[in-house]
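Chain and residue survey
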Amino acid sequence: MDIVVKDAIIPELQSTNRDGAIAELIDSLVAANCVTEDQRDEFVKAIIRRENKGSTGFGHGVAVPHVKDLDIKTMHIAIGNSPEGIDFKALDGDHVYSIVLLLSPEDQPENHLDAMEAIFSSLSQDTFRRFLRQARSSDDVLTLLTETDNAVR
Amino acid sequence: MTTATTTITIQNRLGMHARPAMLFAEIAGKFSAEITVGHADADAVDAKSIMQLMMLAATQGTDLVIIANGDDADKAIDELSTLVRDGFNE
């Protein structure tokens, strides 16, 4: 998954609530020059709006908040871990420990679905989820992603 | 036990993204029948699991093959095909 932004991997999120964690991940994408300062608030709001329509906490301690927007030119993924867990109003009621946040260009629905396929192929594996949750550095996460990519090929 | 099956084309522009997958899994979950869904480029997955549905990467124009096994299989196929035919109400 080469759309994962290395500088937007947060091994330990400071926020302990959903909206704060979303803002923190978007801020990391701003710091990595993937999102402009001007877009920051708009994207945070759009992702929260999307979550309020239906949680992307699909169970097993992971959530995949996302937004499709015409202002997004390139697909980007930020990843954050929360050691304490965050209430994401997940479908199974459990806390979320790993968040994979996806920004997709609005006019590329196929790419969005391909990215989601890649994300869920990984997240549906118990071992992947466990290793991701245990990752304590962005290098740990990148190594895990690379190994998973290689295993799939 | 009844087996029912159908092939239905994804209509909506955005394909089966997260929200449609949630609707699909929710409807499938109402039935006691075992339901799988797949297409030419993807192995059949459990229609009641959102995570597995997201692995289909089912874009607009994809022909979904839905297979249901169980007493309420016919009704399940009926409701799920209506949902897809209506473009997931988008």
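Everything that follows concerns the structure shown earlier in this document.
Residues numbered from 1 in each chain as written. Chains lettered and ligands numbered in written order. Predicted model: local features only at pLDDT ≥ 70, side-chain atom pairs only at ≥ 80, totals over all residues.

1. Section: the overall build of chain B
Which entries qualify depends on this criterion: Comment: elements are numbered from the N terminus, with helices defined as DSSP H or I runs of at least four residues and strands as E runs of at least two. Each radius of gyration is computed over the set of C-alpha atoms, and the globule rule expresses the reference value as 2.2 Å times the number of residues to the power 0.38. Burial is judged by counting the other C-beta atoms within 10 Å of a residue's own C-beta: 20 or more makes it buried, 12 or fewer makes it exposed, and any count in between marks it as partly exposed, with every C-beta position built from the backbone. Residue pairs are scored as contacts if the distance between their C-beta atoms, which are placed from the backbone, is within 7 Å.
The number of helices and strands found in chain B is three helices and four strands. Listing every helix and strand of chain B by position from the N terminus yields β-α-β-β-α-β-α. The C-alpha atoms of chain B give a radius of gyration of 11 Å, which matches the 12 Å a tight globule of 90 residues would have. Each of the three principal axes of chain B carries a C-alpha extent, and together these read 35 × 25 × 20 Å. Looking at chain B residue by residue over its 90 residues, the buried ones come to 44%. Counting only contacts in chain B whose residues sit at least 6 apart along the sequence, the fraction spanning at least 24 positions is 71%.

2. Observations regarding the overall build of chain A
In terms of regular secondary structure, chain A is built from five helices and five strands. When the helices and strands of chain A are read in sequence order from the N terminus, they spell out β-α-α-β-β-β-β-α-α-α. Over its C-alpha atoms chain A spans a radius of gyration of 14 Å, differing by no more than 12% from the 15 Å that the globule rule assigns to 153 residues. Referenced to the eigenvectors of the C-alpha coordinate spread, the extents of chain A come out at roughly 35 × 35 × 25 Å. The buried share of chain A, reckoned over its 153 residues, is 41%.

3. A look at the sheet that holds strand E4 (residues 63-69) of chain B
In any sheet, the strands associate via hydrogen bonds between backbone groups, in a parallel or an antiparallel arrangement. Residue and element names in this part refer to chain B. Worth spelling out the cut-off: Strand pairing requires that DSSP identify at least two bridges connecting the strands. Axis definition: a line fitted to C-alpha atoms, limited for helices to the stretch in contact. Angles are taken between N-to-C directions and run from 0 to 180 degrees.
Here we have four strands laid out as an open sheet, ordered E1-E4-E2-E3, and antiparallel in their pairing. Unpaired on one side and paired on the other, strand E1 (3-9) and strand E3 (42-46) mark the two borders of the sheet. Sheet twist, expressed as the average angle between the axes of neighbouring strands with direction ignored, equals 20°. Those strands touched by helix H3 (residues 73-85) are E1, strand E2 (34-39) and E4, and its axis lies near 5° from that of E1.

4. Observations regarding the interface of chain B and chain A
How we decide: Residue polarity is assigned by list, with Asp, Glu, Lys and Arg as charged and Ala, Val, Leu, Ile, Met, Phe, Trp, Tyr, Cys and Pro as nonpolar; anything else, Gly included, falls into the polar class.
Taken together, the 15 residues of chain B in the interface contact 14 residues of chain A. Looking at the side of chain B that touches chain A, the elements that each hand over two or more residues are helix H1 (18-29) and helix H2 (50-54) of chain B. Ranked by residue count, the leading element in the side of chain B that touches chain A is H2 of chain B, at four residues. By residue class, the composition of the side of chain B that touches chain A is nine nonpolar, four polar and two charged.

5. Thoughts on the packing of H1 of chain B against H3 of chain B
All names here are of chain B. How we decide: Working rule for angles: under 35 degrees goes down as roughly parallel, over 145 as roughly antiparallel, 65 to 115 as roughly perpendicular, anything else as oblique. Handedness of a helix crossing follows the sense of rotation of the near helix relative to the far helix, less than a right angle counterclockwise being left-handed and clockwise being right-handed.
For the pair H1 and H3, the least separation of the axes is 10 Å and the interaxial angle reads 165°. Classified by the angle their axes make, H1 and H3 are roughly antiparallel. H3 is crossed by H1, and the crossing has right-handed handedness. Along the contact surface, H1 presents Leu23, Phe24, Ile27 and Ala28, while H3 presents Ala76, Glu79, Leu80 and Leu83. Looking at the contact of H1 with H3 residue by residue, the classes come out as seven nonpolar, no polar and one charged.

6. Looking at the environment of Glu34 of chain B
Along the polypeptide, Glu34 of chain B turns up in strand E2. Those residues in contact with Glu34 of chain B, other than ones at most four positions away along the chain, are Asn69 and Gly70 of chain B.

7. Quick look at unusual backbone geometry
Residues and elements named next belong to chain A. Phi angles above zero are rare outside glycine, and Asn33 is one such case at about 65°. Mapping Asn33 onto the fold places it in the loop between helix H1 (18-31) and helix H2 (37-53). Residue classification places Asn33 among the exposed residues on the basis of 9 C-beta atoms within 10 Å. A positive phi angle, near 60°, is found at His60, a position not held by glycine. Looking at the secondary structure, you find His60 in the loop between H2 and strand E2 (62-63). Taking the number of C-beta atoms within 10 Å as the measure of exposure, His60 has 19 and is therefore partly exposed.

8. A look at the environment of Val4 of chain A
Residue and element names in this part refer to chain A. Tracing the sequence through the fold places Val4 in strand E1 (residues 4-10). According to the C-beta neighbour criterion, Val4 is partly exposed, with 19 such atoms within 10 Å. Separated by 71 residues in sequence, Val4 and Met75 have C-alpha atoms that sit 8.8 Å apart. When residues no more than four places from it in sequence are discounted, the contact partners of Val4 are Ile77, Ile79 and Leu145.

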